[in-house]
Amino acid sequence: MDRYDAIIIGAGHNGLVCAAYLAKNGQRVLVLEAAATAGGLGASREFHPGFRASIAHSVSHFSQAIADDLQLASFGFDPASDPIPTIGLGLDGNHIVIDGTKLLGAGSDDVAAYGRYCKSMHRFADVLKPFWLKTMPRIGSANFADLAAFGNIGLKLRRLGRKDMQEFLRVASLPARDLMDENFENEILKATLSWDGLLGAKMAPRSPNSAVLALLYRLSGEARGAHAIAAGGVNALISSLRGAAEAAGVRLRYNADVARILISESGDGLSATGVELRNGERVEADRVISSADPKTTFVNLVGVQYLDIGFTNRIRRLRCDGYVAKLHLALSELPLFDGLQQPDGRLIIAPDMDAIEFAFDDAKYGESPKNPVMEIVLPSLHDPSVAPDGQHVLSAHVMYVPLKLQGGWTDAARDQMCERTIDIIARYAPRIREQITGQEFLTPADIERQYRVTGGHWHHTEFAVDQMLMMRPTYGAAQYQTPVPGLFLCGAGSHPGGDLVGGAGHNAAQVILG
Amino acid sequence: MNSADPYAGERLKLSPFHPRQRELNIRDAWSAWNGYKFADYYYDAEYEYFCVRNTCGTYDICPMQKYEIRGNDAEAMLNRMVTRDVKKIKVNRVAYCVWCTDEGRMIDDGTIFRLANDRFMLTCGSPCNAWLEKSAFGFDEVQVADITDRLAALSLQGPTSFAVLQAMGLAGTESAKPFDILTLPFHDDTLMVSRTGFTGDLGYELWIKPDLALRLWDELYAAGGDYGIQPYGEAATNMARLEAAFIMPAMEFNEALRTVNFEHDQTPFELNLGWLVDFKKPHFSGRRALLEEKRRGPKYTLTKLDIEGNKPADGSYIYSNRRCTQEVGYVTSAMWSPAVKANIALAMIETKYLQGELWVEIYYEKELRQYSRVVKCTQKQKPFWTPARARATPPPNY
Amino acid sequence: MSHYDAIIIGAGHNGLTNAAYLAKAGLNVVVVEKNEYIGGAAVSRELHEGWTYSSCSYVCSMMRQALHRDLDLGRHGLLLVPYLGTINFGDGDERLFSYHNEEAAHLELKRHSKRDADAMHRFQTDLTRYSQLIRKTLLRTPPDPASFKPRDIKELLYLAKQFWKLGENEIYEYVRFFTMSAAEYLDDYFENDMIKAAMASPGIIGTALGVYSPGSAYILLHHVMGDVDGSIGAWGLARGGMGAISNAIASALQEHGGEIRTNAGVQQILVEGGNAVGVVLANGDEIRARIVVSNLDAKRTFTQVMDKNNLPDGIYEKAKNFKIRGSSGKVNIALSGLPKFTGVPENRYINRGGQAFTGSLATMERAYDCWKRGRWSDDPFIESVIPSAWDPTVAPPGKHWMSNFIQYCPPRLASGPWTPEKRDQFGQTVVDKLEKYSPGFKDLIVHMEVRTPHEIEQEIGLTEGNIFQGELTIDQLLFNRPFPGYAQYRMPVKNLYMCGSSTHPGGGVSSACGANAAREILMDLKRPNTVPEDDFYDE
C-alpha cells in the first residue's frame, strides 16, 4: 500500500493549492475527491446537454502571489485578466456601471463621492491587506511572533494617521446601508456597492458589524475588489490548479469519498494517521489535511469522541446556513438587457437597499423571497466551451434563498422560486423566456447535497466578525492546526476563507511546511 | 396556571417521601435543594449525625439529579465526558466520576451506574441537562433522559443499615460489595439497591418508582425500628461527609460552568482527585489540559487537616508560619469531629507549601466577644473516618 | 446680563448630574431647561389628576451607585427598590414567570425546558462576567486610540489589560457577544423559543435593530449590566416615579449653590473667536459663561442650536450622519383597578413586577420589519410595569398606573407625517393587544397618554425620539461616541462640552455621562476632581 506524507480531503481550489505547495516542497501528496471532477464549488458541470456551469462564476481576488508561485499561467490561467464591470440594472434601462474607480450613470455628486469613497475604502482595505496570506496570530499567546503580529496590526492602524484611524474604527462595524447613505444618493448605486459586502452572507444592508468588514476584505485583495473572468472562465483556474498540482507530483483520485479520518490514540494523545474511504479502503499518511468545511471535518470525518466537548460545541454552533441559490439558464442566443449593448459584466438586480433588505426579511423566517435580488454573469462570453456555438449560459447568484424552507424544499417549491427569479430577470431582459432551452435552480439545500458543503454555504461558515481572522472557524483550530495532531484544515472555513482566493490552502501549506 | 394556589409556581416541590418526613421534621427545619423542599435537620443535627455513626439513618436523595443514558453509543459518549474509564465499569457496578471543561476545570462530580451494556444512570448534585446535551451531540445512538422526577431515592447509611435490609428480607444484600447494584423484586415492581453513600460508612442507596416510595419508607421504618433508624438532613450529612473527606460543591469546589472568575474553579488534581483521571483510556474532554496540569502540578491541593484545639476553622486562612506573614491557602470546610474527637478541616493549600509548616488563624466568639488564635495544622493522608465495616462483605449484622 | 462659570443646556438627569458636580467643585452654574419642569426623560408628571406618570423612562438599573451615594441622593429623597420579577407572555397561552427567587425561577424555567433551566446558570454566569468588564468602563473617559497623549495610551493599556486578562477563550466569547444578534447568541444556551424571546427582548429595547440583527446582543448586555444593590440584571423602580431621580439630583445641585432655570429653551450657542461663550435663549435673553455644556443629543447640539459656520469642517456632516433613530413608543395608562391577565395567578408578588409581551422571536422580529417599512406592528413588543402596585405615591389608593413601553414605533410613517389621529391609532393597537391578554382591560382605563417618537422629540427634544440619544452600535460606542475624536466630552469648539447620553457610556438613567463630563471639565478648569472614579464594588 502506498504511503503518503499528506492526504488532502477535497479537490476544491484550496485543496489543490495546498497540495501543489506541499508537493512542490517534496512531499508525497494524495488528494481525495468525492466527486468525479476537481474544483468543488468551482467545478464545471453539465446542467443541460451541451451547457456547463459552476457555482462560482467569477474570480475577484485570486492571489497573484499564489498564481506566480504555482506558475498557473503556464497551465492556462491568467489572474491578470481584465476586470469586468459591475452593472447595477435599472428598470428604465438607466444603469449604473462601476468599472474599478470609474463610475457611469450616476449624478455628478455621486461621481465625486465615489472618488472619495474609493480612496478612503482602499486606504482602509490596505490595513487588512497583509493578512491575506498570513496565519493569524493566536490571542493570549506569549509567543513573540504572535505578539509581534498584533503589534503590527496596531502599527498599521496608526500609520493611517489620526483621522483615518478614527474613521476606520467607526466605519469597520457600520451596516452597509449606513455607509452607503452617508456617501451616496443614487439608490441603485448604493445597492450595487453594498452587494459585495452582503453576497453569500446571512446579512442585509441594515445588519451591523460585519458587512463593511467583508467589503473591505474583498477590496483588500490584489484586484481591489474588481471581479474578473479569465479566458476559459472559472474552469481555467480550476484546471490550471489541477495541472500545477499534478505537475508537482500530486496524485489526484476522483470518486474517492472519504468516510472518516483515521485517528490513533496513545498515552501521548491523538494523531491523525490516514483516512478510510466509503468503500472501506484505508489510506495512511503522516498527516491529513481537510478542505471540507469545519462541521463536516470535525463532526462527520473525525467524530466527536476524539474532540473536547467545548470545542465540539463551538464547531456545532458555527453559523453555516447558506442563503444563496444558483440559477443556470441555457439560452439559444445572447440575452438582451434593456439599455445594455452587451451583457458583459456582473449584472446586479437590486433596485435599492430596501429591496435587498426585504428579500432577506422573507428568508430569515424560512420563506422564499417574493422579490429576490441577484447577480448575473454570462460565463459563455468568456469561455465559449460552456455552450454550443452561438448559444449562451446565464449564471445567477440569487439572494436570499433559505436553506431551511418552511415546509421543506419540494420540487414544486424549487420550481416556483426558479420561475419567480426568471420573471424578475425578464423585467430587465424581456425576451429571455423565449431564449431559454434548459434551466437548473439549485437551492442551498441542493448545493449542500450535491457539493457536500454544510448548509450549502459557499464560505463554509458565515463570514461574520466572530468567525473571521483568528476566530475562523474557532479558536483551537484557527491556525490550520486542529486539536488532533496531524490533522489540518485548509478550506474556506479557515482564514482568510470564502471566495476563490486560495489563501487558506496556501497558509495551511506554510504552517505544515513550517 | 390559574390553580387554587396562586403561589403554586413559586413553591418548592415535595419529594415522594415528604408525607413521612414532614411528620418527623418536628422543628420545621427546611431548606431547598434543586427546587425540592429539603430538610436541614429533623430533630437535632448532632443526634442525627450520631445515628449515622452509631445506628442508621435515611437521607432523602430525590432532589439529586438522575439521568438515564442509553443506546449503543452511551458508553462512548460517557467515556468522552468523564475522566474515568467507563469501559471498566461492569454491569451492575457504580463508579464515582468527575467531568471537566476543555480547560480541565471541574464541572461537577457524580456517580455512574452501569445498568446494562448500553444503559447507564448518572447522578449528580446539580442539574446537568445542558452539558449532557452538548456531550451527546455527534453520537448517533444515544438518548439522554432526565429521570429525576421519575425515580425516588433514599440513602440508608450507618452501621445497622445492612441489618435493616436483612430485617426487611431483601435477599442478596449480604453479598453486595461496595459499589455493587442489586435489582430486587418489590411489590410487583423492582427496588434497586446500590451499596453507595456519602458518609464514608456502611450504607446503601435505595431507588424506586415514586408510587412505591411511601411503601418502601414504611417497610424500612418498620424493619428499622429496632435498629435506631432516624431521618437525617443536610446538616448531619455535611458532618459525615467531611469526616469521610468527601468534597461538596459550593464548599470544596465551584462548578466551572457557574464560575464568573476563572481562578475560582478547580481541576481534579487540585481536589486531590487525580486518581480519577485516566490518561490511558480513550480521549475525554479536558484531557490535553489535564495532562498539562499533571505535568506542571496543581497550583493548589485539597488537604486534610487535623488542627490543634477545638475551635472549628471555617473560613480561615492558612499560613506557612506562626506569624502569619505568608498566606498559603484557605479552609473550605471545618468542624469538630464528634466521632474521632478531633478538630478537622479540608483546606485548599498552595501545593508548593505543603512540605512546610501550616498554621491557621481561627476567629471565634465567646459570649459575643470575638477572639482569634493561631494554631498548628497537621496534614492527614487518610480520611478522618474509615471504619472497616464500610468495606467488609458481607458487612457485620449488628 | 448674568455671568456664570458654566451653563448646562437641558435639565435631564445627566445635565443635572454634571451641574451638581461642577457646583460641588465650587463653580457658579446654571442649568437652562426649555420645559417648565425638569428631568428630561427621567420625569414624573401628573398628567391626570391623582396620577403621577413616569411619562418617559420608567425603570432604573443603571444609576451608578457610587454617584447615588456620593451625591447623597437618599437624603435628597431618592429610594430605588428592585421589583419582583417579570411575567413574559407568549403569542398564545404560554407564560414564563421570571421569579425573583432563584429556586422558583429555576423550577419555572424547567417547566418550559429542563435543558434551558440548567443552561440559565451558565448564561447568567457569563453575563455577569461580561458585565463586569463593561462596568469597569462606565465611570471612565474613553481613551482615543489614535492619540499619542500619555493619558490616552495609559487608559488604552488599562482597557487592553482588562480585555487581555480574560484569556483567549473568553476574548473570543466576548467578541461573539459584542457582535452577534441576540437571537443567535442565545442559540448557544437555549432551545425554547419562549425563553429565548424573554431573554432577547432587552436586546431590542430602544434600538433600531431586531433580535436577529447583529449587535443586538450588546444592547441586551447594556440593559442587564446594571444592578440594584449588586444583583446584576435586576431592575428597580424609583419611589415617586423616575422624576424622583432628577429631583434628588436637582436638590443636591441646589444645595451646592447651583441654579436651575425652567422655561428657558436655548435658541443658539454663542461662539466668539472660536470659543463657546454662552447661550441665547428662545426669549432672546443672553447668558454668558466660561464654558457651555450641552446635555442635548449630538445631532441636536450641532445641527439645531449651533451655527454651522461656527463648526470646524466635517462636524456638521458627522452630526447629520449620527445615528439617532427613533424606534420606541410609550403609552401611559391610568387604571381604575389592577388588571388581571389570563394565565397569571393572583399572586400578589409576581403581579407587582413587570409584564413583558414578548410573544416569540419571530413576533418581535416582524415588529422590527414593520418599523423598517415605516409603520407599526399590529402585534408589537410591549414591556409593561405597574409601579402603583407598590408605590403608594403614584396613583390614588386602589387605582393604578401602568407604564407601557412599545418596540417598535417609527419616527416617520411611510403614510406621511404623524398626526394626533395616527398617534391615537397607535395607542389603540397597544390597548387592543393588552385587552387580548387581559379581557376587560379597556374598561379599567381612566386616562391614557400616547407617545410616539414624534411626541418624545417634540416634548423632551430627543431627536427622532431615540431614548439613548444615539444608537448603541459599535460605531457609536466607547471612543466612537458620539464621534471618533470627540469621545472625551470636549467638543470641536473650545469651551463647549457634551454631557448627555450621546456620550460614553450611552443611554440609560445612569448619570455616568454627566459625571464623566464633569470630571473632564474640572480637569480643564484646573479644579480638584469631585467625581468618583470607580463605581464597581467588589464583585
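**Q** I'd like a rundown of the domain arrangement of chain C, residues and numbers included.
**A** All names here are of chain C. Assigned domains within chain C: domain 1 (3-42 + 61-80 + 241-322 + 469-524), domain 2 (123-229) and domain 3 (328-407 + 412-451). The distance between the C-alpha centroids of domain 2 and domain 3 comes to 29 Å. Ranked by residues supplied to the side of domain 2 that touches domain 3, first place goes to helix H8 (residues 193-200) with five residues.

**Q** So what about the pairing of strand S12 (residues 266-272) of chain C? Which residues, and what values?
**A** Put simply, side chains in a regular strand alternate between the two faces of the sheet. Residue and element names in this part refer to chain C. Sheet analysis places S12 next to strand S13 (residues 275-281), joined by six bridges and oriented antiparallel. Among the inter-strand pairings, Ile269 is bridged to a residue of S13, identified as Val279. Hairpin connection from S12 to S13: two residues lie between these consecutive antiparallel strands, with Gly273 at a positive phi of about 55°.

**Q** Which residues make up the interface of chain A and chain C, and what values go with them?
**A** With 29 residues of chain A at the contact, the number on the chain C side is 29 residues. Those elements that provide at least two residues to the side of chain A that touches chain C are helix H5 (162-171), helix H6 (176-183) and helix H12 (353-364) of chain A.

**Q** Quick one: what's the story with the packing of helix H7 (residues 187-198) of chain A against helix H8 (residues 211-219) of chain A, residue by residue and with numbers?
**A** Any two packed helices are characterised by how steeply their axes cross, that is the angle between the axes, and by the distance between the axes. All names here are of chain A. Packing of H7 against H8 brings their axes to within 7 Å, and their N-to-C directions diverge by 90°. One finds that H7 runs roughly perpendicular with respect to H8. For the pair H7 and H8, the contacting residues are Asp196, Gly197 and Leu198 in the first and Ala211, Val212, Ala214, Leu215 and Arg218 in the second. Each residue belonging to the contact of H7 with H8 can be placed in one class, and the counts come to five nonpolar, one polar and two charged.

**Q** Can you break down the pairing of strand S11 (residues 189-194) of chain B residue by residue, with the values?
**A** All names here are of chain B. Here six bridges tie strand S10 (residues 181-186) to S11, and the two strands are oriented antiparallel to one another. Paired with Leu182 across the two strands is Val193, which belongs to S11. A loop of two residues connects S10 with S11, the two strands running antiparallel in sequence, and His187 in this loop sits at a positive phi of about 45°.

**Q** Give me the lowdown on the interface of chain A and chain B, citing residues and values where you can.
**A** It is common to give the size of an interface as the accessible area lost on bringing the parts into contact. Contacts between the two partners involve 15 residues from chain A and, on the opposite side, 17 residues from chain B. Secondary-structure elements contributing two or more residues to the side of chain A that touches chain B are strand S12 (269-277) and helix H11 (309-316) of chain A. Of all the elements, H11 of chain A adds the most residues to the side of chain A that touches chain B, at six residues. Classifying every residue of the side of chain A that touches chain B gives six nonpolar, six polar and three charged.

Thresholds, definitions, all that
- Residues numbered from 1 in each chain as written.
- Chains lettered and ligands numbered in written order.
- Predicted model: local features only at pLDDT ≥ 70, side-chain atom pairs only at ≥ 80, totals over all residues.
- Domains from an automatic or database assignment.
- Helix = DSSP H or I, 4+ residues; strand = E, 2+ residues; numbered from the N terminus.
- Pairing = 2+ DSSP bridges.
- Contact = placed C-beta atoms within 7 Å.
- Axes fitted to C-alpha atoms, helices over the stretch in contact; angles between N-to-C directions.
- Parallel < 35°, antiparallel > 145°, perpendicular 65-115°, else oblique.
- Nonpolar A, V, L, I, M, F, W, Y, C, P; charged D, E, K, R; others polar.

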